[in-house]
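Letter by letter, the chains look like this.
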Amino acid sequence: MRILLLGAPASGKGTQAARIAERFGIPAISTGDIFRTNIRNGTALGMKAKSFMDRGELVPDGLVIDIALDRLGGEDCAKGFILDGFPRTPEQANALDEHLAEKGAALDGALLIDTPESELISRITGRRTCEKCGAGYHVANIPPAREGICDVCGGGLSQRDDDSAETAMKRIGVYNSQTAPLIEHYRARGALLRVDGAKSPDRVFADILEALAR
Ligand code: AMP
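Let us look at the structure shown here.

Criteria and cut-off values
Residues numbered from 1 in each chain as written. Predicted model: local features only at pLDDT ≥ 70, side-chain atom pairs only at ≥ 80, totals over all residues. Heavy atoms only, no water. Pairing = 2+ DSSP bridges. Helix = DSSP H or I, 4+ residues; strand = E, 2+ residues; numbered from the N terminus. Contact = heavy atoms within 4.5 Å. Axes fitted to C-alpha atoms, helices over the stretch in contact; angles between N-to-C directions. Near = heavy atom within 4 Å. Polar contact = N/O pair within 3.5 Å; in protein donor to acceptor, adjacent residues only side chain to side chain. Areas by Shrake-Rupley, 256 points an atom, 1.4 Å probe, with all protein chains shown as cover. Nonpolar A, V, L, I, M, F, W, Y, C, P; charged D, E, K, R; others polar. Core = buried A, V, L, I, M, F, W, Y, C linked by side-chain atoms within 4.5 Å. Buried < 20%, exposed > 50% of the residue type's maximum accessible area, 1.4 Å probe, protein only.

1. Observations concerning the sheet that holds strand β7 (residues 157-158)
In step 1: Pairing within the open sheet is antiparallel, and its three strands lie in the order β6-β5-β7. Pairing within the sheet leaves two strands with one partner each, and these edge strands are β6 (136-138) and β7.
In step 2: Two strands pair when backbone bridges link them, and strand β5 (residues 127-130) and β6 are joined in this way by three bridges, in the antiparallel orientation. Residue pairing in the sheet places Arg127 in a bridge with His138 of β6.
In step 3: Docked against the sheet, helix α6 (residues 117-125) engages β5 and β6, running at close to 40 degrees with respect to β5.

As structure tokens, this is what we get:
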């Protein structure tokens with residue numbers, strides 16, 4: 001099963017990637033997570049990526065493509081993978097197409113989680129993440145039992161640096177101008193699947209399973 005997720009920031013890609021990964025026993029690969037891990041570890045890559053991320057801009061293709069394709073070459077990706085947040089530009093999509101063609105591997109689907117723009121800002125600014133285990137919450141929609149504390153591991157919850165209202169607006173604009181054209185890229189290849197991202201996470205997941213079965 002080789003799938004990629006398309007969708008605006010906070011459309012639910014991370015949540016659904018985790019569920020799909022668990023259901024199909026394949027790794028969820030998030031380039032955003034790879035960058036955040038590098039930032040936490042103070043690597044040169046992390047330092048370079050951080051300046052772009054903090055401004056709500058895309059990290060340049062030259063830095064992203066090698067990292068993503070290298071990760072896809074991992075042994076655990078042999079049976080499949082779910083990509084969350086890659087590709088985000090036509091150049092990245094072309095690089096992925098070439099990588100898969102070289103391996104003789106086809107994509108099973110590009111899943112668009114189509115979410116109305118009016119929903120995205122409140123989802124982004126309310127988003128909280130566990131600093132220890134990475135579990136996701138939302139102050140209104142998915143609150144933890146105890147404010148600021150992770151239900152899963154007891155770790156502290158924090159807001160991502162790029163989840164302020166101002167940066168959120170910028171990231172949505174960047175999605176519309178640079179990533180949304182990929183919808184056509186995958187539609188033209190007959191690989192596009194669409195689900196309604198305004199529904200609850202459970203409903204969206206059910207719709208995804210149905211779309212993949214078709
Ligand atoms: P995400 O966690 O997917 O929302 O990504 C957070 C940030 O990481 C984005 O706003 C970009 O700055 C950067 N990023 C993640 N994936 C990519 C990518 N495929 N191309 C360029 N920048 C990326």
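2. A few points about the site of the ligand
In step 1: Around the ligand, the surrounding shell holds 16 residues, and the nearest of these are Thr31, Arg36, Glu57, Gly85 and Arg88.
In step 2: The separation between a nitrogen atom of the ligand and a polar side-chain atom of Thr31 is 2.8 Å.
In step 3: Bound to the protein, the ligand loses 95% of the 480 Å² it would expose on its own.
In step 4: The element best represented in the shell around the ligand is helix α2 (residues 31-40), accounting for four residues.
In step 5: Taken together, the residues of the shell around the ligand sort by class into six nonpolar, four polar and six charged.

3. Some words on the sheet that holds strand β4 (residues 109-114)
In step 1: Pairing is parallel across the open sheet formed by five strands, whose spatial order is β2-β3-β1-β4-β8. Edge positions in the sheet fall to β2 (28-30) and β8 (192-196), since each has one partner strand and no second. Averaged over neighbouring strand pairs, the angle between their axes works out to 25 degrees when direction is ignored.
In step 2: Two elements, strand β1 (residues 2-6) and strand β3 (residues 81-84), share four bridges in a ladder whose sense is parallel. Along β3, the bridge assignment pairs Leu5 with Asp84.
In step 3: Of the strands in this sheet, β1, β4 and β8 are in contact with helix α8 (residues 181-188), which crosses β1 at around 145 degrees.

4. Considerations on the nonpolar core
If you look at soluble globular proteins, the nonpolar side chains tend to sit buried side by side.
In step 1: Counting 35 residues, the largest nonpolar core has Leu6, Leu72, Leu83, Leu96 and Tyr186 as the members making the most contacts within it.
In step 2: In terms of residue count, the dominant contributor to this core is helix α4 (residues 61-72) (five residues).
In step 3: Once residues within four sequence positions are removed from consideration, Tyr186 is found in contact with Leu4, Leu6, Pro87, Ala93, Leu96, Asp97, Leu107, Ala110, Ala191 and Leu192.
In step 4: Core analysis: the next-biggest nonpolar cluster, separate from the first, contains 16 residues, Ile20, Ile113, Val195 and Ile208 among them.

Any functional reading would require information beyond the geometric quantities listed.
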